Amino acid sequence: MLSEEETVVLRQQVANAIADQLTRANIDWASLDQFSEPSVHIEAEFRERLGASSAERRPLSGLSISQVIDLTSLKLARPASKQNAIGQRRYQRRSEPTSGTIVPLSRSCTPVASHGASNQASHDHRKQDAMGENSETSDREDTENSSRMAISGLRPSCCGMLVVEDNTQRQMEVVNENFPKRRKAEVVGYAIKPSTMDKLITGIWEQLHNGMGVDPVAILGELMTPSLIGDAISPSLYLPRPGFSVSEMSTTSRPGRQFNDTTIFCRKVTQASRTCRSVEVIVQARWVEHFDTYVEHLRGSDPKTSSTKHRKAVLVEASSAFGWSEKELRNKIAIWRGYKEIKDAGGWAALVFAGMGIYRFCKYRVGFDTESMQRLRNLRPALEVAADTMNPSWRRLLSIVGESPVTKYSGHPHDWVICLDGASPIPLRKTYLQWDPHFEYKHIEDSVIDQSIWGGNDPRWTSPFSQALTRGSRLFTCQDCANEQSDDPKQNCCYCFPSLFGYATLTPPPVQVFRTPDGRNNGLIALCAFERGAAVGEFVGLITKGLTRRRPHGERTGCLTRWLLLIVANIHLIDKIWQGRQGNFTRFVNHSCNANAQYQRFTWLDTQRIILVSKGIEAGTEITVDYSDKYWRGLDKTCLCGKRNCRYSRSR
Ligand SMILES: C[S@@+](CC[C@H](N)C(=O)[O-])C[C@H]1O[C@@H](n2cnc3c(N)ncnc32)[C@H](O)[C@@H]1O
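Thresholds, definitions, all that
- Residues numbered from 1 in each chain as written.
- Predicted model: local features only at pLDDT ≥ 70, side-chain atom pairs only at ≥ 80, totals over all residues.
- Helix = DSSP H or I, 4+ residues; strand = E, 2+ residues; numbered from the N terminus.
- Buried ≥ 20, exposed ≤ 12 C-beta atoms within 10 Å, placed from the backbone.
- Contact = placed C-beta atoms within 7 Å.
- Axes fitted to C-alpha atoms, helices over the stretch in contact; angles between N-to-C directions.
- Parallel < 35°, antiparallel > 145°, perpendicular 65-115°, else oblique.
- Nonpolar A, V, L, I, M, F, W, Y, C, P; charged D, E, K, R; others polar.
- Pairing = 2+ DSSP bridges.
- pLDDT = per-residue confidence, 0-100.
- Expected span 1.5 Å × (residues − 1).
- Bend = angle between axes of the 7 residues up to and from the residue.
- Core = buried A, V, L, I, M, F, W, Y, C linked by C-beta atoms within 7 Å.
- Left-handed = near helix turned anticlockwise from the far one by under 90°.

- In the nomenclature of an unreviewed UniProt entry, the chain is known as SET domain-containing protein of Xylaria bambusicola.

So, in C-alpha cells, the structure goes:
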C-alpha cells in the first residue's frame, strides 16, 4: 500500500509525463491561438489486473488523476522548432564534465557550424532544413536539442569555472548554480503591440549606443562628395559584358570597390536621414511652443475673445502656411505636442535620440501618464551624460532651435555616476574621495600587462598545442564552438561573443555607473536588456601578480574592500587582474545572492579572457554577480543585496 505522500508523488509524476508527451507531440500549436486560455482536462486512474484476462482490471483507490493542463504554458515550453534547433547547434554539449558555464548566445545569433563539425556540414544542415527534409539524424538531434532547451537554454559548456585557489585574499568565485529556469516566450504570428514608455526609453538608449553620431556639420559635408553619388547610382556600368577581355577582367574588382564605397555612402545617408529626423522632431517640438506662446500673446492683447477662437485663428494662419488642411495640421500638432512633452520631461537628448519609435509613441499616446513621464524626468541627466560623452557633437543640433550647444558632461561615460532619482550626476572620483583622497580611475578597453612582473610576455597566452588548436590556416579554433577565430571579420567564423570579438567595430555596451541608494556606493545598471548568454563586457584591468604593494590603497577605499578590486583566476599564468586604478565598468558590479550575470572565461585567439556574461538581464536593472562564499566567508560585513534568498545578510 502506498503512503499518502507516495501517492501524491506518483500521481504528479504521471501527470507530468503526460504533459511532457504533449509537448513532444506533433500538435499544430498555432491553431490554438484562437482560444484565450486553452487547456486539457485529463481524467485517469491506476488499475490492477485481477485475473488472467487482461480486460479484468480493478481501479486502485486513491490513485486517480484529475489534472487540468494549461496548453498556453505547454506551448511555450515545447521543444524548439527545427529552425531554432539548427541555430542552437553550434552550442552542442561536449563530452567533458560540465561546469554550468553559460554558453554564449549572441544578441545577433548567426548560425554557424556545430561543435566539431565543419562549416560545410553546418551549411548542409541548414540547407536540408530549409528544404524541409526530415532525416532521422536531424530528428534525433532535435530531440537532443529539445532536452537541452528544456533546462532553460543555459547549457553547460566545456569551460571550467574559475577556481580560486589563493586563500590569503578575499576573492570572487563564479558559482553557477540556481540559474533561473525561465525561457522567453516565443511570439507566434505577428502581434501589434502598443508603444510604451519602456520601448521608447530602450530605443533612445540603443540609438545613443549604436555608434551613429548626429553631427549636422559633418554629415552635410560628407554628403556633398560628388564622385560617390555619381558612381553609386550606376552600378550596371561595371557588369561584365559578354565576351569581355582579360584586361577587362582585371577591372572586375571595381564592383567590389564600388560596393564598399556605396556601403559607406549608404551609411552616411542613413545617418544623415536620422539626423534630419532628429532635427525634424526638435523643430516641431519648438514650433508647438511658439504656437502656444503666440496664442497666449493674442489672448493677452485681446482678452475679450475666447482662447478657442484665438487658437483657431492661429491654426488657420499656420495651415495655410504649411499648405495643409486645418484637420491635417490639428492631427500633426497632437503628435508634435507629444514631442514637446517628451522634451519637457526627458530633455532635448531624449528627443534627438528617440529614433523612429517616437512617432508611434506620440500618435497613440500610450505611456504619457504621470508615472511614465516622471521616469523620463529621472532619466534626463543620465541621457545627457551618455549623449555628451559618446556623441559630443549632438548639441550642435540644438543651435537650430536656439539652445546652447555647450557640452555639459565631458570625459568618459563612466566618469559620471548617475542617480536614479534624477539628481545631478556625480563625478566618479568624488564618490571615492572619502576613502581615498588620491583616488583616480583610468578607463581602459584592454587589459594592461604589469611589465615589472611579466616583462614583454602576456600571461594570458595559451599554448596553441594545449587548448587553442591551430589549423593549417593558422587561425585559432574556438574552444566553445570549434569555429575559426580571427580579428578580421571576413575570416572569422566564431560568433560566441560577437559584441566583443570578431567584429570590426565595437560599440560601447549600454551600461552606466549609478549611485546605489542603500549604502553600496556605486553599482552598474543595464540600460538595455542583455539576453541570457550575451556578453556584457570583458573584465579588464592590470594583469599583475601579488597585491602586497597595493593593499594599503584597497584597504583605505573602505567600501571597495581590499580584494574586490580584483578577480583571481588560476588560468595558466594569470595571477590577478587588478582594477584598483584602471579597468572598465565591470569594476562596479556588485554582489547579489540572486545574480543576473556571472564571470566566465573565454579564449579569443590564443589569449584567455574573463567575460561578464548575462544570465538574463532586464533593461533598467542592476547588473550583479554572485561573489560566492569565498568572498563572504569570515567577512565583517552584511550583504545588502536585498534578495529574499540573501545568504549573507546579518539580519537572517
Ligand atoms: C567590485 S566593488 C563593486 C562596486 C562598489 N559598490 C563601488 O562603489 O565601487 C565591491 C564592493 O562593493 C560593495 N558591495 C558589493 N556588493 C555588495 C552587497 N551585496 N552588499 C554590500 N556591499 C556590497 C562592497 O563594499 C564590495 O567590497
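## Details of the overall build of the chain
Argument step 1. Secondary structure summary: the chain contains 17 helices and 19 strands in total.
Argument step 2. Burial statistics for the chain: of 652 residues in total, 30% are counted as buried.
Argument step 3. Within the chain, residue pairs in contact and separated by at least 24 positions form 71% of the contacts whose partners lie at least 6 positions apart.

## Quick notes on the packing of helix α6 (residues 197-209) against helix α14 (residues 370-390)
Argument step 1. Closest axis-to-axis distance for the α6/α14 pair is 11 Å, and the angle between their directions is 5 degrees. Considering the angle they form, α6 stands roughly parallel to α14. Two secondary-structure elements touch here, α6 through Met-197, Ile-201, Ile-204 and Leu-208 and α14 through Ser-372, Arg-375, Leu-376, Leu-379, Leu-383, Ala-386, Ala-387 and Met-390.
Argument step 2. Tallied by class, the residues present in the contact of α6 with α14 amount to 10 nonpolar, 1 polar and 1 charged.

## Some thoughts on the sheet that holds strand β11 (residues 535-538)
Argument step 1. Spatial strand order, β11-β18-β17: 3 strands in an open sheet with antiparallel pairing. The sheet is open, and its two edges are formed by β11 and β17 (597-604), each paired on a single side. Going across the sheet, the axis of each strand differs from the next one's by a mean of 35 degrees, ignoring polarity.

## A few points about the confidence of the model for the chain
Argument step 1. Looking at the chain as a whole, its pLDDT mean stands at 74, while 67% of the residues score no less than 70.
Argument step 2. Taken as a whole, residues 174-183 scores under 50 in pLDDT and shows 23 contacts with residues more than four places along the chain or in a different chain.
Argument step 3. Overall fold confidence for the complex sits at a pTM of 0.69, while the interface term, ipTM, reaches 1.00.

## Focus: unusual backbone geometry
Argument step 1. Positive phi is not limited to glycine here, since Ala-482 has a value of about 65 degrees.
Argument step 2. Its location among the elements puts Ala-482 in the loop between β7 (476-477) and β8 (484-485).
Argument step 3. With a phi angle near 65 degrees, Asn-521 is a residue other than glycine that sits in the positive phi range.
Argument step 4. Take Asn-521: it is sitting in the loop between β9 (511-515) and β10 (522-526).
Argument step 5. Take Asn-521: there are 18 C-beta atoms within 10 Å of it, and that puts it in the partly exposed class.

## Overview of helix α12 (residues 326-352)
Argument step 1. Between its first and last C-alpha atoms α12 spans 27 Å; for 27 residues at 1.5 Å apiece the expected length is 39 Å, and the helix comes up short by more than 12%.
Argument step 2. By the largest-angle criterion, Gly-346 marks the main kink of α12, which is about 130 degrees.
Argument step 3. Burial in α12 covers these residues: Trp-336, Gly-338, Tyr-339, Lys-340, Ile-342, Lys-343, Gly-346, Trp-348, Ala-349, Ala-350, Leu-351 and Val-352.
Argument step 4. Tucked inside the fold, the buried residues of α12 contact α6, α10 (253-301), α13 (357-364) and α14.

## Remarks on the pairing of strand β18 (residues 607-614)
Argument step 1. β18 sits mainly inside the fold: 7 of its 8 residues count as buried.
Argument step 2. When β11 meets β18, the two strands line up antiparallel, connected through 3 bridges. Bridge pairing in β18 links Ala-535 to Val-613.
Argument step 3. By the bridge criterion, 8 bridges tie β17 to β18 in an arrangement that is antiparallel. Considered in β18, the bridge of Gln-600 is made with Ile-611.
Argument step 4. With antiparallel pairing between neighbouring strands as the criterion, β17 and β18 make up a hairpin whose turn holds 2 residues, including Leu-605 at a positive phi of roughly 55 degrees.

## Some words on the nonpolar core
Argument step 1. With 81 residues, the main nonpolar core has Leu-351 and Ile-611 as its most contacted residues.
Argument step 2. With 8 residues, the single largest contributor to this core is α12.

## Quick notes on the packing of α10 against α12
Argument step 1. Viewed as axis vectors pointing N to C, α10 and α12 meet at an angle of 110 degrees, and their least axial separation amounts to 8 Å. Between α10 and α12, the angle is such that the two are roughly perpendicular. Here the hand of the crossing between α10 and α12 comes out left-handed. Across from Ser-278, Val-281, Ile-282, Gln-284, Ala-285, Trp-287, Val-288 and Glu-289 in α10, the residues of α12 making contact are Ile-333, Trp-336, Arg-337, Tyr-339, Lys-340, Lys-343, Trp-348, Leu-351 and Val-352.

## With respect to α14
Argument step 1. In this model α14 runs 30 Å from its N-terminal to its C-terminal C-alpha over 21 residues, within 8% of the 30 Å that 1.5 Å per residue would give.
Argument step 2. A bend of about 40 degrees at Leu-379 is the largest found in α14, and the proline Pro-381 appears one to four places after it.
Argument step 3. Taken as a whole, α14 has its buried residues at Leu-376, Leu-379, Pro-381, Ala-382, Leu-383, Glu-384, Val-385, Ala-386, Ala-387, Asp-388 and Thr-389.
Argument step 4. Those residues of α14 that are buried are in contact with α6, α12, β3 (416-417) and β9.

## Observations concerning the environment of His-310
Argument step 1. Tracing the chain through its elements places His-310 in helix α11 (residues 307-322).
Argument step 2. Between the C-alpha atoms of His-310 and His-297, which are 13 residues apart in sequence, the distance is 9.5 Å.
Argument step 3. Leave out the neighbours within four places in its chain, and His-310 touches Val-295, Leu-298, Arg-299 and Thr-305.

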